[in-house]
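Next come the chains, spelled out residue by residue.
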Amino acid sequence: PAHRSPEQVDLRPWAFQAIWTVGLNCGLRFDELAKMQMNMISHLYQGITINLPVRTKNSIRMKHYKLLDWPHPVAKMSAGLDASVALGLWMAHGGSDDGFLFCNFVGERLDYGRPWDAKKFIQYMRERLILAGEGEGNARYFTGHSIKRGSVQLYRTMGVTDNCIMRRINRTGECSFLRYTEAFNKAAS
């Protein structure tokens, strides 16, 4: 595990921003993001491509995700939504050691050998939502699927058709896609 220098602050906000912006841009759940390793990131002159060669929830084929410009001019100009910038800043602050891209936080150390623990991530996310003004009752509905659900809803808000969203986030099944069009999954209650 790499050690942070004493003058560094909590690095979780950098990872959190990268996870959310990459997840929203590519339509990925937290469990898919957590599987990413440093060697899965390709920097191309046209952007960043992420290769997921590991088994995801419903597939064993390698999926390629490319960080694309947002289809809405306001989002396109937003530094806070720029997935390439957020990912680059996380890698600059969190290091680029071999191992998991979104590694586990163990006290003052980064453990690149393990991904960020899902329960700890969800707890951290819910705490941030409450700090931002979301009620505790609603915050408890947010899970690792919330990133993908938020992605679909964000693209719809930008006026992107469902067929285009499905292509953009590598989805082929309409039934599974429709679950992500709801604000909260009923199974979470």
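Residues numbered from 1 in each chain as written. Predicted model: local features only at pLDDT ≥ 70, side-chain atom pairs only at ≥ 80, totals over all residues. Heavy atoms only, no water.

Please explain helix 7 (residues 146–157) as it appears in this structure.
Owing to its 3.6 residues per turn, the α-helix brings residues three or four apart onto one side. With twelve residues, helix 7 ought to run about 16 Å at 1.5 Å a step, and its terminal C-alpha atoms sit 16 Å apart, in line with that. Turning to helix 7, its buried residues number three or more, namely Ser146, Ile147, Lys148, Arg149, Gly150, Ser151, Val152 and Tyr155. (Helix = DSSP H or I, 4+ residues; strand = E, 2+ residues; numbered from the N terminus. Expected span 1.5 Å × (residues − 1). Buried < 20%, exposed > 50% of the residue type's maximum accessible area, 1.4 Å probe, protein only.)

I tried to follow a nonpolar patch on the surface on my own but got confused; where do I start?
A cluster of nonpolar side chains, Trp14, Val85 and Leu89, forms an exposed patch at the surface whose accessible area comes to about 230 Å². If you trace the backbone, Trp14 turns up in helix 1 (residues 12–26). With relative accessibility at 30%, the residue Trp14 sits in the partly exposed group. (Patch = residues over 30% accessible without salt bridge, like charges linked within 9 Å, V, L, I, M, F, W, Y side chains within 5 Å. Areas by Shrake-Rupley, 256 points an atom, 1.4 Å probe, with all protein chains shown as cover. Salt bridge = Lys/Arg side-chain N within 4 Å of Asp/Glu carboxyl O.)

I would appreciate a short explanation of the side chain of Arg168 in the present structure.
Checked against the element boundaries, Arg168 lands in helix 8 (residues 162–168). Buried Arg168, no salt bridge; nearest opposite-charge side chain is Asp69, N-O distance 7.3 Å. (Lys, Arg positive; Asp, Glu negative; His and termini not counted.)

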